[in-house]
Amino acid sequence: MATTVAIMPLIYCIIMFSRGCLMEDLLRQIMDALTSIAENKDMILLMTNVFMVSTGMLMDDARAVLRSTQILLPGVAQLGVGPVHFAALAGVKLGLGNVTPPTAPLLSLSGQISGAPRDQSMKTALYLILFAWLPTRAMTTFVPDLALWLPRLLLGSRV
């Protein structure tokens, strides 16, 4: 019950923000802005990295995946990024956003459940972000063969 009381205001704010973005078509405007800034594929992927991590910080996983995919996938598909590669990118980027301060919804939830002090869990999470998650994010973004190795192994040439 205490965990629910701690998380419900956060979820309520995330839902309201998501609905506001949808009503104002904010995500479509962001994708248009990203593609108008740069023509280079790597630069646009880098900007989508920042955008999706920011989205992951403010929204829960399910809403962030739905919003980001419906807006960003058509734009990055024009750049030659396949849907399976984009799914790998979305998983890594939005997951990183969910454990990144200031909101860190998943980090807050795990701290509530385990009873770990917030400062201790933040310090540990920041080490993991710097030395594990950021390198993984860079590799999945800029080395598509690395991100697609397992899907190709399991699905064959359909990927």
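About the thresholds
Residues numbered from 1 in each chain as written. Predicted model: local features only at pLDDT ≥ 70, side-chain atom pairs only at ≥ 80, totals over all residues. Heavy atoms only, no water. Helix = DSSP H or I, 4+ residues; strand = E, 2+ residues; numbered from the N terminus. Core = buried A, V, L, I, M, F, W, Y, C linked by side-chain atoms within 4.5 Å. Buried < 20%, exposed > 50% of the residue type's maximum accessible area, 1.4 Å probe, protein only. Contact = heavy atoms within 4.5 Å. UniProt positions renumbered as here; feature names shortened; annotations may be inferred. Salt bridge = Lys/Arg side-chain N within 4 Å of Asp/Glu carboxyl O. Axes fitted to C-alpha atoms, helices over the stretch in contact; angles between N-to-C directions. Parallel < 35°, antiparallel > 145°, perpendicular 65-115°, else oblique. Left-handed = near helix turned anticlockwise from the far one by under 90°. Nonpolar A, V, L, I, M, F, W, Y, C, P; charged D, E, K, R; others polar. Expected span 1.5 Å × (residues − 1). Polar contact = N/O pair within 3.5 Å; in protein donor to acceptor, adjacent residues only side chain to side chain. Patch = residues over 30% accessible without salt bridge, like charges linked within 9 Å, V, L, I, M, F, W, Y side chains within 5 Å. Areas by Shrake-Rupley, 256 points an atom, 1.4 Å probe, with all protein chains shown as cover.

**Q** Hey, could you go over the environment of Leu-26 for me, with residue numbers and the actual values?
**A** Along the polypeptide, Leu-26 turns up in helix H2 (residues 26–37). The sequence separation of Leu-26 and Ile-71 amounts to 45 residues, and the corresponding C-alpha distance is 9.7 Å.

**Q** Which residues make up the nonpolar core, and what values do they have?
**A** Ranked by size, the top nonpolar core spans 20 residues in total, and within it Met-52, Leu-72, Val-81 and Phe-86 carry the most contacts. Those elements that place two or more of their residues in this core are helix H1 (2–24), H2, helix H3 (41–58), helix H4 (61–78) and helix H5 (83–98). In terms of residues, this core owes the most to one element, H3, which gives five residues. In contact with Leu-72, other than residues within four places in its own chain, are Met-31, Leu-34, Thr-48, Phe-51, Met-52 and Phe-86. Residues Met-57, Leu-96, Val-99 and Ile-129 belong to the second largest nonpolar core, which totals five residues.

**Q** So what's going on with the UniProt feature "transmembrane region" (unreviewed entry) in the protein chain? Which residues, and what values?
**A** UniProt marks residues 6–22 and 125–150 with the feature "transmembrane region" (unreviewed entry), using the numbering shown here. Taken end to end, residues 125–150 comprises 92% helix and 0% strand; its first and last C-alpha atoms sit 26 Å apart.

**Q** Provide a residue-level description of the pattern of salt bridges, including the pertinent values.
**A** The full count for this structure, using the stated rule, is one salt bridge. For Arg-152, the salt bridge identified is with Asp-145, shortest N-O distance 2.9 Å. Asp-145 gets classed as exposed once you look at its relative accessible area, which sits at 53%.

**Q** Describe the packing of H3 against helix H7 (residues 118–142), naming the residues involved and giving the relevant values.
**A** For the pair H3 and H7, the least separation of the axes is 10 Å and the interaxial angle reads 140 degrees. In terms of their interaxial angle, H3 and H7 are classed as oblique. The interaxial crossing formed by H3 with H7 has right-handed handedness. Listed contacts from H7 to Asp-42, Leu-45, Leu-46, Asn-49 and Val-53 of H3 are Arg-137, Thr-141 and Phe-142. Tallied by class, the residues present in the contact of H3 with H7 amount to four nonpolar, two polar and two charged.

**Q** So what's going on with the side chain of Asn-49? Which residues, and what values?
**A** Mapping Asn-49 onto the fold places it in helix H3. Taking relative accessible area as the criterion, Asn-49 reaches 1% and is therefore assigned buried. In this structure Asn-49 touches Lys-93, Arg-137 and Thr-141, once residues within four positions along its chain are discounted.

**Q** An account of H3 is needed here, citing residue identities and associated values.
**A** For H3, built from 18 residues, the straight-helix expectation of 26 Å at 1.5 Å per residue is met to within 8% by its first-to-last C-alpha distance of 26 Å. Of the residues flanking the start of H3, the one acting as N-cap is Asn-40, its side-chain oxygen 3.2 Å from the backbone nitrogen of Asp-42.

**Q** Outline a nonpolar patch on the surface, listing residues and values.
**A** Together, Met-43, Leu-46, Met-139, Phe-142, Val-143 and Leu-146 make up a nonpolar patch on the protein surface, roughly 510 Å² of accessible area in all. Counting residues per element, the ones that place at least two in the nonpolar patch are H3 and H7. You can see Phe-142 is positioned in helix H7. Given the relative accessible area of 37%, Phe-142 is considered partly exposed.

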